[in-house]
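Summary of the model geometry
Each chain, written out:
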Amino acid sequence: YPDKQYRESINEKAFEIIKSELRIEDFQTTIKCKNDEHRIISWYSNNLSDDYGEPVGSIAMGIDITEQKHQQDEKLKLENQILQLQKMESIGRLAGGIAHDFNNLLTAILGTTELALMKLNSTNDYYHNFMTIKKASESAANLTRQLLLFSRKQTAELKIINLNELINNTGV
């Protein structure tokens, strides 16, 4: 243990263990090797007593568990990533469900607004109110489309189409 303070704290812990007459299993310390590499050691020890039962020392065995610790850390990191992905998937599903229901409401609002606008001329007092409703509903429908795309993890290909041409070309 090149670090004097750390070495002293480990020695104090070792003396406490010997005095307590406890069997120690998996007491972990970190040591710094001569090449500046840090290794994690798991210690196991049994105390030795003299003929009168007084503690005189201990037999200890240290096992280098550095690689196992790194593997445990990596496993935990991957498990956390999986949990995060599952949360994101749940949020996507929730957003999709809400967006779908909201889209149904917007369809009714837009349909009713379109019908009202068809019966009104631009000089009517309510015409501009209905146009405001229509524009706000179209904006909300666009946001809803984006939420649906997010929830389905799809990319959208936006293009302008002429509905009259589309209807005429279907042969209906």
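Attention in this report is confined to the structure presented alongside it. Just so it is clear, the model here is predicted, and its values are computed rather than measured.

On to the packing of helix 2 (residues 66-119) against helix 3 (residues 127-152). Look at helix 2 against helix 3: their axes get within 8 Å of each other, and the N-to-C directions meet at 155°. Considering their axes alone, helix 2 and helix 3 lie roughly antiparallel with respect to each other. Seen along the crossing, helix 2 lies across helix 3 with a hand that is left-handed. Grouping the amino acids of the contact of helix 2 with helix 3 by side-chain chemistry returns 17 nonpolar, eight polar and three charged.

Taken together, the seven bridges between strand 1 (residues 24-32) and strand 2 (residues 38-49) define a ladder with antiparallel strand orientation. Its bridge partner lying in strand 2, Lys32 is registered against His38. The antiparallel pairing of strand 1 with strand 2 creates a hairpin that spans five residues between the two strands, and Asp36 there sits at a positive phi of about 70°. Looking at chain direction, strand 2 and strand 3 (residues 55-64) are connected through nine bridges and run antiparallel.

Tallied over the full model, the rule gives six salt bridges. When the shortest N-O distance is used, the salt bridge between Lys32 and Asp36 registers 3.6 Å. The shortest N-O distance in the salt bridge between Glu37 and Arg39 comes to 2.7 Å. Because the salt bridges share partners, they merge into one network encompassing Glu37, Arg39 and Asp64.

Analysis parameters
Sequence order as written defines residue numbering, which begins from 1 separately in each chain. Reporting of local features is limited, given that this is a predicted model, to residues whose pLDDT is at least 70; pairs of side-chain atoms are given and counted only at 80 or more, and all residues count toward the totals for whole chains, interfaces and linings. No hydrogens and no water enter the side-chain calculation; it runs on all heavy atoms of the structure. Between N-to-C directions, angles span 0 to 180 degrees; the directions come from axes that are lines fitted to C-alpha atoms, helices contributing only their stretch in contact. By the criteria applied, helices consist of DSSP H or I runs no shorter than four residues and strands consist of E runs no shorter than two, each listed in order from the N terminus. When describing relative orientation, an angle under 35 degrees is termed roughly parallel and one over 145 degrees roughly antiparallel, while 65 to 115 degrees is termed roughly perpendicular and anything else oblique. Two helices that cross are described as forming a left-handed crossing if the nearer one is turned anticlockwise from the farther one by less than a right angle, and a right-handed crossing if clockwise. Here the term charged refers only to Asp, Glu, Lys and Arg, the term nonpolar to Ala, Val, Leu, Ile, Met, Phe, Trp, Tyr, Cys and Pro, and the term polar to all other amino acids, Gly among them. Being paired, for any two strands, means DSSP has found at least two bridges between them. Only one rule defines a salt bridge in this text: a Lys or Arg side-chain nitrogen within 4 Å of an Asp or Glu carboxyl oxygen.

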